[in-house]
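Structural characterization, general
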Amino acid sequence: MTTSTRLEPGVNAPSFTLPDQDGKPVSLDDYRGQRVVLYFYPAAMTPGCTKQACDFRDNLADFGDAGLAVLGISPDKPEKLKKFQERDSITFPLLSDPDKQVLTEYGAFGEKMMYGKTVTGVIRSTFVIAADGTIEVAQYNVRATGHVAKLRRDLKL
C-alpha cells in the first residue's frame, strides 16, 4: 500500500483539467483570480457523499457571496456524475478523475482506515485554494456529515 503526500497551506495547488458531469473540460486555471473550495469524495450517489454534496449545494449561495466557487472531484465517470447531479439537484461542477491522478496529486488517494482495516481508496478531503493558486486550507479525513458547517465556521461564512 502507498502513502500519499499531503499538501500544506502555502504550496501551489496542483493544476488539472478534468471532465465535468457533461463531459466538458474544467481546469483549475479557469478559476484563477477566484477562491475555490475543492473537495474530494469517494463515490457519487452513496449516502455520505450525497449528504456532503447536498450540504455544499444548500450553502452554495453563502460560499458564492464570499467569493468562493465549489468543485467536487471523485473517481466516478461523467455519466454517473450526471445522474448524481440530476437526482440531487447538484448546482456546482462535479469532476471525473477515474485514473485518480488528481486525487493522488492532492494526497486524497492512498491508505486509510475503514472499519478497522487499512485499505487504499479515496481520502475524503477538502481544500480552499486562494485566488493566487496557493493552498489556503488543507483538510484530510473529513467527515461527510457536518463537514460543510465546520468549513463555514472555519472560513467565518
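Computed from a prediction, not measured in an experiment: that's the story for all the values here. (Residues numbered from 1 in each chain as written. Predicted model: local features only at pLDDT ≥ 70, side-chain atom pairs only at ≥ 80, totals over all residues. Heavy atoms only, no water.)

**Considerations on the overall build of the chain**
Scanning the chain for helices and strands turns up five helices and nine strands. Tracing the chain from N to C terminus, the helices and strands come up as β-β-β-α-α-β-α-β-α-β-β-β-β-α. Against the compact-globule benchmark of 15 Å for 157 residues, the chain has a radius of gyration of 14 Å, which places it among compact chains. Overall, the C-alpha framework of the chain stretches about 40 × 35 × 30 Å when taken along its three principal axes. By the burial criterion, 51% of the 157 residues in the chain qualify as buried. For the chain, the exposed surface amounts to about 7600 Å²; the carbon and sulfur share of it is 51%. With 20 positive and 20 negative side-chain charges, the chain shows a spacing of 7 Å between the two charge centroids. (Helix = DSSP H or I, 4+ residues; strand = E, 2+ residues; numbered from the N terminus. Rg over C-alpha atoms; globule rule 2.2 N^0.38 Å. Buried < 20%, exposed > 50% of the residue type's maximum accessible area, 1.4 Å probe, protein only. Areas by Shrake-Rupley, 256 points an atom, 1.4 Å probe, with all protein chains shown as cover. Lys, Arg positive; Asp, Glu negative; His and termini not counted. Charge placed at Lys NZ, Arg CZ, Asp CG, Glu CD.)

**Overview of the state of the cysteines**
Following the criterion strictly, the structure yields zero disulfides and no others. We note that C49 lacks a disulfide partner, and the nearest cysteine sulfur, in C54, lies 11 Å from it. A residue is classified by how much of its surface remains accessible, and C49, at 1% relative accessible area, is buried. By relative accessible area, which is 13% here, C54 ends up buried. (Disulfide = S-S within 2.5 Å.)

**A look at the layout of surface pockets**
Considering only enclosed or pocket space, the largest pocket measures out at about 320 Å³ in volume. Lining the largest pocket are P42, G48, K112, M113, M114, Y115, V122, I123, R124, N141, V142 and A144. Broken down by element, the residue count for the lining of the largest pocket peaks at three residues, all from strand β6 (residues 109-114). (1 Å grid on protein atoms, 1.4 Å probe; cavity = no way out; pocket = protein on both sides within 12 Å on 5 of 7 lines; lining within 4 Å. Points joined across faces, edges and corners; volume = space filled by probe spheres on them.)

**Topic: the packing of helix α1 (residues 47-58) against helix α3 (residues 78-88)**
Running from N to C, α1 and α3 point in directions that differ by 60°, and their axes come no closer than 11 Å. Classified by the angle their axes make, α1 and α3 are oblique. The interaxial crossing formed by α1 with α3 has right-handed handedness. Packed against α1, whose contacting residues are C49, T50, A53, C54 and R57, the element α3 presents F84, R87 and D88 at the interface. Considering only residue class, the contact of α1 with α3 consists of four nonpolar, one polar and three charged. (Axes fitted to C-alpha atoms, helices over the stretch in contact; angles between N-to-C directions. Parallel < 35°, antiparallel > 145°, perpendicular 65-115°, else oblique. Left-handed = near helix turned anticlockwise from the far one by under 90°. Contact = heavy atoms within 4.5 Å. Nonpolar A, V, L, I, M, F, W, Y, C, P; charged D, E, K, R; others polar.)

**Topic: the packing of aromatic side chains**
Tallying each qualifying case throughout the model produces eleven aromatic pairs. Ring centres 6.1 Å apart and planes at 65° place the aromatic pair Y39 and F92 in the edge-to-face group. On the criterion of sequence distance, the pair formed by Y39 in strand β3 (residues 35-40) and F92 in the loop between α3 and β5 (94-96) is long-range, its members being 53 residues apart. Residue class for Y39 comes out buried when judged on its relative accessible area of 0%. Residue class for F92 comes out buried when judged on its relative accessible area of 4%. (Phe/Tyr/Trp six-rings, centres within 6.5 Å; stacked < 30°, edge-to-face > 60°.)

**Some words on the side chain of Q85**
Summarising the element assignment, Q85 is placed in helix α3. Residue Q85 is classed as buried on the basis of its relative accessible area of 15%.

**Here's the deal with the environment of D20**
Locating D20 in the fold gives a position in the loop between β1 (17-19) and β2 (25-27). The class for D20 is buried, based on a relative accessible area of 8%. For D20 and L71, which are 51 residues apart along the polypeptide, the C-alpha to C-alpha distance reads 9.6 Å. Leaving out residues up to four positions away in the same chain, D20 has contacts with V26, P78, L94 and L95. A distance of 2.8 Å separates the side chain of D20 from the backbone nitrogen of D22, its partner in a polar contact. (Polar contact = N/O pair within 3.5 Å; in protein donor to acceptor, adjacent residues only side chain to side chain.)

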